[in-house]
Amino acid sequence: MSAPNSLHFLSAMEQAELIRTRAISPVDLAQHCLDQIAQTDSALNAWIQVEPDQVMAEARQAEREINSGEYRGPLHGLTFGVKDQMHADGFLTTMATRVLDPEEMQAGEQATLITRLRNAGAILLGKQNLHEFGKGGTIEFAYGQPRNPWNPERTASSSSTGSGIATAAGHCSFSIGEDTGGSVRGPASCNGVVGLRPTHGLISRHGGVMHAYTSDTFGPMGRTVSDIAAVLQVGAGHDPKDPLSLRHPIPDYTSTLNAGVKGLRLAVVREMARANHTDAQVREAFEAAVDTLKSAGAEVEEISLPLARWAVPLQLLTADADVAAQFLNRYLRDRYERFDVGTRTRLAASSLIPASVYSRAMRARAIVRRQVLEATRQYDGLLTPTNVTPPKSIEATQEKVSSDDSQDLVSRLIERRICHYPFSLANVPALSVPCGFARDGDVPIALQIAGRPLSEAKVLRIAHCYEQRTEWHKRHPTMDWITARD
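Computed from a prediction, not measured in an experiment: that's the story for all the values here.

Asks: What exactly am I supposed to notice about helix H16 (residues 456–468) here?
Replies: Given 3.6 residues to a turn, an α-helix orients residues that are three or four positions apart in the same direction. Over its 13 residues, H16 extends 18 Å from the first C-alpha to the last, a length consistent with the 18 Å expected when each residue adds 1.5 Å. Among the 13 residues in H16, eleven count as buried, and that is most of the element. Here H16 has its buried residues at Glu456, Ala457, Val459, Leu460, Arg461, Ile462, Ala463, His464, Cys465, Tyr466 and Glu467.

Asks: So what exactly am I meant to see when it comes to the pairing of strand E5 (residues 194–197) here?
Replies: Burial along E5 is two-sided: Val194 and Leu196 facing one way and Gly195 and Arg197 facing the other are all buried. Two strands pair when backbone bridges link them, and E5 and strand E6 (residues 217–222) are joined in this way by two bridges, in the antiparallel orientation. The residue of E6 that forms the bridge with glycine 195 is methionine 221. Two strands pair when backbone bridges link them, and E5 and strand E10 (residues 430–437) are joined in this way by three bridges, in the antiparallel orientation. Paired with glycine 195 across the two strands is serine 432, which belongs to E10.

Asks: Mind showing me how you'd approach the packing of aromatic side chains here?
Replies: The geometry of an aromatic ring pair is captured by the separation of the ring centres together with the interplanar angle, meaning the angle of the planes. Inspection of the entire model under this criterion finds eight aromatic pairs. Consider the rings of phenylalanine 327 and phenylalanine 339, whose centres lie 6.4 Å apart with planes at 80°: the pair is edge-to-face. Separated by twelve residues along the polypeptide, phenylalanine 327 in helix H10 (residues 311–332) and phenylalanine 339 in the loop between H10 and helix H11 (341–350) bring together distant segments of the chain. Taking relative accessible area as the criterion, phenylalanine 339 reaches 3% and is therefore assigned buried.

Asks: Looking at this model, I keep getting lost on the packing of helix H2 (residues 26–44) against helix H3 (residues 52–67). Mind explaining?
Replies: What describes two packed helices is the angle between their axes and the distance between those same axes. H3 packs onto H2 with a crossing angle of 160° between their chain directions and a minimal axis gap of 8 Å. As judged from the angle between their axes, H2 and H3 are roughly antiparallel. Considering the relative orientation of H2 and H3, their crossing is right-handed. Together, Pro26, Val27, Ala30, Gln31 and Leu34 of H2 and Pro52, Val55, Met56, Ala59, Arg60, Ala62, Glu63 and Ile66 of H3 make up the contact between the two elements.

Asks: Quick question: what am I supposed to make of the nonpolar core here?
Replies: One broad rule of soluble globular proteins: the nonpolar side chains tend to lie buried together. Ranked by size, the top nonpolar core spans 93 residues in total, and within it Ile176 and Leu447 carry the most contacts. Top element by residues in this core is H2. It accounts for eight residues. Apart from residues lying up to four places away in sequence, leucine 447 is in contact with Phe286, Ala289, Leu293, Leu383, Thr384, Thr386, Leu431, Ser432, Val433, Cys435 and Tyr466. Judged by nonpolar contacts, the second largest core, of 28 residues, contains Met272, Leu305, Ala311 and Ala430.

Asks: Help me understand the side chain of glutamate 65, please; the structure alone is not making it clear to me.
Replies: Summarising the element assignment, glutamate 65 is placed in helix H3. Contacts of glutamate 65, omitting those with residues within four sequence positions, involve Glu70, Tyr71, Arg72 and His76.

Thresholds applied
- Residues numbered from 1 in each chain as written.
- Predicted model: local features only at pLDDT ≥ 70, side-chain atom pairs only at ≥ 80, totals over all residues.
- Heavy atoms only, no water.
- Helix = DSSP H or I, 4+ residues; strand = E, 2+ residues; numbered from the N terminus.
- Expected span 1.5 Å × (residues − 1).
- Buried < 20%, exposed > 50% of the residue type's maximum accessible area, 1.4 Å probe, protein only.
- Pairing = 2+ DSSP bridges.
- Phe/Tyr/Trp six-rings, centres within 6.5 Å; stacked < 30°, edge-to-face > 60°.
- Axes fitted to C-alpha atoms, helices over the stretch in contact; angles between N-to-C directions.
- Parallel < 35°, antiparallel > 145°, perpendicular 65-115°, else oblique.
- Left-handed = near helix turned anticlockwise from the far one by under 90°.
- Contact = heavy atoms within 4.5 Å.
- Core = buried A, V, L, I, M, F, W, Y, C linked by side-chain atoms within 4.5 Å.

Such coordinate-based values are descriptive only and should not be taken to indicate function.
Structure representation (structure tokens):
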């Protein structure tokens, strides 16, 4: 058997069908993915660690199992990568930082999510690049500047950046990122793939290096909505090792994907979709996506969430303070100079937040959260762009602080996060799906769909309906710039 040249850009479920029917083997797919990484990752910097020998040994084992009739399901033989914020057997946990010494990078107990995916037969290729300690705002990356496969001068977005790049570039069947304030949805949007932040507690966080306990959650990234549904099916469910894990029956996420949106009530959130800060190209793509859902039978109204913008400072005042509290005595005091300047500035500032301010911000979060939850109870889905601007230049997205641009920095902080933080703060499911491209830079634009807690099946259903009526998910980066550079 041999792998077709375009195998790496097939959806995970298309790859799975080829493996199930033995048109290709897990060995073919694994080798093809390793070849793609070898050919392009020196330019993309999506990966921190890949272990080819271990990968091929697991692929041969999967091949033997399938050939002997021990097929485990649709993830059997597929390849995946994880943000290097998760412990995994056979890999270090670097957190993409120079702060840790080598002995401190030894992995702890493997993340429950990775164990579940491996038990389903998926093959872990390795660990993916991220912003230092998963915090966002990194300026100089310890393992190389991540590059957007569509345009290397544009941002690949926030913390789970390597996971978005690797999925878009065809390095793996799917990836696992981590989303505190948008770090699954942002990279999915900027790299032109699908990414889901699930309800907080639906996926176990055990085995992850988690510091923002009120918001952190793992989330899958794939090339299609059906890929996300299949990964969620395996990854969701109660885990006694995670004290915040929910006890909730897990539905069949794939069974309702094709149910359509006829009769569903959807709401456009004015403050995110139709505000002055929303770029004209984003607004155009977003409105076209809304029209597509209307033509499919959805009822769409506009609503206002006037408190949504306050989710940004409230999340920064609380989640960042939670993280800073973990780092202050462990690393920040004694290893300050080893941090990237962007990370240490953010952590140092957050460590100075008074307890009284933190307490008031936590109470204010409850008010904003209530407004978001009330909207999700009234509608089947809330619609926004995933980002209010197309991916900007890398330099333009770096949050450097100086005395003469503090007001501009505040505007940029809100602009980057306004579509993400309200749903992170409310801990509801939110999914990003490609919905167009910017004419300037030819980089992706995305639609975000949010729902009430534990409504992942409906969010996936809405996204799948939109996806199947458009062609955006069939478009992939050529990465010609890598050849031109070489």
